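Letter by letter, the chains look like this.
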Amino acid sequence: MANSAGNDIVAALKQRIEKYEAKVSVVDVGTVAEVGDGIARIHGLGSASYNELLRFPGDVMGIAMNLEEGVVSAIILGDDSGIKEGDEVKATGHVAEVPVGDELIGRVVDPLGRPLDGKGDIKTKGTRPLERIASNVVARQSVDTPVQTGIKAIDSMFPIGRGQRELIIGDRSTGKTAVALDAIINQKDGDLTCIYVAIGQKASKVAQVVAQLEANGAMKHTVIVAANAADSAAMQYLAPYAGCAIGEEFMEQGKEALIVYDDLSKHAWAYRQMSLLLRRPPGREAYPGDLFYLHSRLLERSAKLNKENGGGSLTALPIIETQAGDVSAYVPTNVISITDGQIYMEPDLFNAGIRPAINVGLSVSRVGSAAQIKAMKQVAGKLKLEMAQYRELAAFAQFGAADLDKATRNQLERGKRITEILKQQQFSPLTVEKQVMMFYVITNNYLDDVAVEDVKQFESSFYAYVEREHCKLGENIIKEKKITPEIEGELKEAIESFKSTFVAGKKKE
């Protein structure tokens, strides 16, 4: 009996040995040779790929950037104080990714998708790689639908279309962020999801932006990606790509998205710092040679997709800060050449009280009237030319106003009134139908006999009058998207009846 039991055990062991399969997991491992300033040089990691995530001791992550023979240089995401020479580094086989999806709307996150707003964890269903090749030409279609910013000067003269990249450029404190925030606030109750990417901003400024968006009811359709000034250069470098990946997810679902990069100058500074620490050769202004590629591969991902690809869009508003108005510096010229137009904010105009301080002569939208409804084209077609001519005439007129002929004086007076109409308070975007009505008033000379100082009062009182007495007029403009003879007749009647009471009221005063 004992002998047969022994045979059974032997047979069972043989069977197990035959069935046994050794599961071998191969992990690429390297050793830290040098660490400091957020950069680690690692020996080994022979099969690491560019942009691959690396795991350091203490669950600190890094990204492989320089792949040299026998050495990999990586940027460390987070605190590098616990990493020392000789530590083991493992390759993960994954590229850097960010969580994406509707769950991020209304939240403030860092470039890795971790919440910064203290509202708890974010449970998203998917992730996307930070870096991705832009949609090809065949998948795109031409830009033809407007993004209404609610800013009169932009919607009339430099329209932004869905899928466009429009640069906002100017010196510090000229209202660049204010223009972008107004564009986000104006999407309230619309179909555009907004992403605001703060790169290298003070934490207090980001908190201020969040508070302003919440106060204006805009956080319900906005995601904020923040890499603050206190964060590492690596996090600031990743922030715009993270925001773009979040926006692309909406675009590829067939939705409409708008992304603001505030600002790409600080992004370029962070990349320059990283590149110099990675010992890459410096070029013009100490920037690395691939600086153009840094921003072109980011901004090219904005697109208007055709119907076969879902028909979604991602519109980009990159911001660039110039130094003493120098638009010919390295970073500004690069980004100007990548984008489809620029809005130039001028310090002199800002200081003169003309806000938004948009320089009409230097600003342009290369999409043009394709991104406007027909009603806006009808009333604002000549506006840019008139404003550019007025600025030029005003510069000459200051030398001898008394010697000017009547036509020139009339043009100067009209220019002053248009300038007054284009002035706008921050956080008070205007609906497109109100803009169309007011531009009809100004382009048809109804303001010529109204004093310049009364123009703003005329504007606000006129909107109130139309809402009270001609409430269907705005709805008809939106419905028809053009000024039909019937709409024009009602508009003229509204303007003339309002103007007679307004002028009479002013005479009594």
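Residues numbered from 1 in each chain as written. Predicted model: local features only at pLDDT ≥ 70, side-chain atom pairs only at ≥ 80, totals over all residues. Heavy atoms only, no water.

### Quick look at the overall build of the chain
- When its secondary structure is counted, the chain shows 16 helices and 18 strands.
- Principal-axis analysis of the C-alpha atoms places the extent of the chain at approximately 125 × 55 × 40 Å.
- When burial is assessed residue by residue, the chain has 51% of its 509 residues classed as buried. (Helix = DSSP H or I, 4+ residues; strand = E, 2+ residues; numbered from the N terminus. Buried < 20%, exposed > 50% of the residue type's maximum accessible area, 1.4 Å probe, protein only.)

### What to know about the sheet that holds strand E12 (residues 167-170)
- Judged by pairing direction, the sheet is mixed, and its 8 strands sit side by side in the order E8-E14-E13-E15-E16-E12-E17-E18 without closing on themselves. Two strands bound the open sheet, and with one partner strand each, they are strand E8 (108-109) and strand E18 (364-365).
- As defined by bridge partners, strand E17 (residues 341-345) adjoins E18 across 2 bridges and the pair is classed as antiparallel. Paired with Gly-341 across the strands is Ser-365, a residue of E18.
- The strands touched by helix H4 (residues 203-215) within the sheet are E8, strand E13 (192-199), strand E14 (222-227) and strand E15 (256-262), with E14 carrying the most contacts at an inclination of about 175°. (Pairing = 2+ DSSP bridges. Contact = heavy atoms within 4.5 Å. Axes fitted to C-alpha atoms, helices over the stretch in contact; angles between N-to-C directions.)

### Quick look at the packing of aromatic side chains
- For the structure shown, the criterion picks out 9 aromatic pairs.
- Between Phe-458 and Phe-502, the aromatic rings sit 5.2 Å apart at their centres with planes inclined by 85°, giving edge-to-face as the arrangement. Taken together, the residues Phe-458 in helix H14 (residues 455-469) and Phe-502 in helix H16 (residues 485-508) connect sequence positions 44 residues apart.
- We classify Phe-458 as buried; its relative accessible area is 0%.
- For Phe-502, a relative accessible area of 9% translates into the label buried.
- The aromatic ring of Phe-350 is capped on one face by Arg-355, whose charged end is 4.0 Å from the ring centroid. (Phe/Tyr/Trp six-rings, centres within 6.5 Å; stacked < 30°, edge-to-face > 60°. Lys NZ or Arg CZ within 6 Å of the ring centre and 35° of its normal.)

### Concerning the pattern of salt bridges
- On inspection of all chains with the given rule, the structure shows 31 salt bridges.
- We note a salt bridge from Asp-59 to Arg-55, for which the minimum N-O separation is 3.3 Å.
- You can call Asp-59 exposed: its relative accessible area is 58%.
- Two residues, Glu-475 and Lys-472, come together in a salt bridge whose shortest N-O distance is 3.6 Å. On the criterion of helical spacing, the pair formed by Glu-475 and Lys-472 is a turn pair, its members being 3 residues apart in helix H15 (residues 471-480).
- Here Glu-475 falls in the partly exposed class, since its relative accessible area comes to 49%.
- Bridged by salt links that share partners, the residues Arg-128, Arg-132, Glu-248, Glu-249, Glu-252 and Arg-301 form one connected network. (Salt bridge = Lys/Arg side-chain N within 4 Å of Asp/Glu carboxyl O.)

### A short note on the environment of Gly-70
- Turning to its location among the elements, Gly-70 is positioned in the loop between strand E4 (60-68) and strand E5 (71-77).
- C-alpha separation for the pair Gly-70 and Leu-238, spaced 168 residues apart in sequence, amounts to 26 Å.
- Once residues lying within four places of it in the same chain are set aside, the contact partners of Gly-70 are Ile-42, His-43 and Gly-44.

### Concerning the sheet that holds strand E3 (residues 52-56)
- The strand order around the closed barrel built from 6 strands is E1-E2-E5-E4-E3-E6, with neighbouring strands paired in antiparallel fashion. Sheet twist, expressed as the average angle between the axes of neighbouring strands with direction ignored, equals 45°.
- With 5 bridges joining them, strand E2 (residues 39-44) and E5 adopt antiparallel strand pairing. Pairing of Ala-40 across the sheet is with Ala-74, part of E5.

### Here's the deal with the pairing of strand E6 (residues 88-95)
- Where strand E1 (residues 29-36) meets E6, 3 bridges bridge the pair, whose relative direction is antiparallel. Looking across to E6, one finds that Val-29 is bridged to Lys-90.
- In terms of strand pairing, E3 meets E6 through 3 bridges, oriented antiparallel. Bridge pairing in E6 places Glu-52 opposite Val-95.

### Description of the nonpolar core
- Judged by nonpolar contacts, the single largest core of 75 residues is most densely connected at Ile-184, Leu-213, Ile-224, Phe-458 and Phe-462.
- Considering each element in turn, this core owes the most residues, 8 residues, to helix H13 (residues 432-443).
- Judged by nonpolar contacts, the second largest core, of 60 residues, contains Ile-63, Leu-238, Ile-259 and Leu-305. (Core = buried A, V, L, I, M, F, W, Y, C linked by side-chain atoms within 4.5 Å.)

### Focus: H13
- Over its 12 residues, H13 extends 16 Å from the first C-alpha to the last, a length consistent with the 16 Å expected when each residue adds 1.5 Å.
- Within H13, 10 of the 12 residues are buried, leaving the element largely enclosed by the surrounding structure.
- Where H13 terminates, the next one or two residues include Asn-445, which has phi positive at roughly 65°. (Expected span 1.5 Å × (residues − 1).)

### With respect to the state of the cysteines
- Applying the stated rule across the entire model yields 0 disulfides.
- No disulfide involves Cys-194; its nearest neighbouring cysteine sulfur is the one of Cys-244, lying 15 Å away. (Disulfide = S-S within 2.5 Å.)

### Observations concerning the packing of H13 against H15
- Look at H13 against H15: their axes get within 9 Å of each other, and the N-to-C directions meet at 100°. In terms of orientation, H13 and H15 fall into the roughly perpendicular class. On H15, the residues that touch Val-432, Glu-433, Val-436 and Met-437 of H13 are Leu-473, Gly-474, Ile-477 and Ile-478.
- Taken together, the residues that form the contact of H13 with H15 break down as 6 nonpolar, 1 polar and 1 charged. (Parallel < 35°, antiparallel > 145°, perpendicular 65-115°, else oblique. Nonpolar A, V, L, I, M, F, W, Y, C, P; charged D, E, K, R; others polar.)

### Looking at unusual backbone geometry
- Between Asp-262 and the following residue, Asp-263, the backbone shows a cis peptide bond with an omega angle of -5°.
- Here Glu-285, not a glycine, exhibits a phi torsion of approximately 55°, which is positive.
- Within the secondary structure, Glu-285 sits in the loop between helix H6 (264-277) and helix H7 (291-299).
- The class for Glu-285 is partly exposed, based on a relative accessible area of 39%.
- With a phi angle near 70°, Ala-286 is a residue other than glycine that sits in the positive phi range.
- In this fold, Ala-286 is placed in the loop between H6 and H7.
- Judged by relative accessible area, Ala-286 falls into the partly exposed class, the value being 32%.

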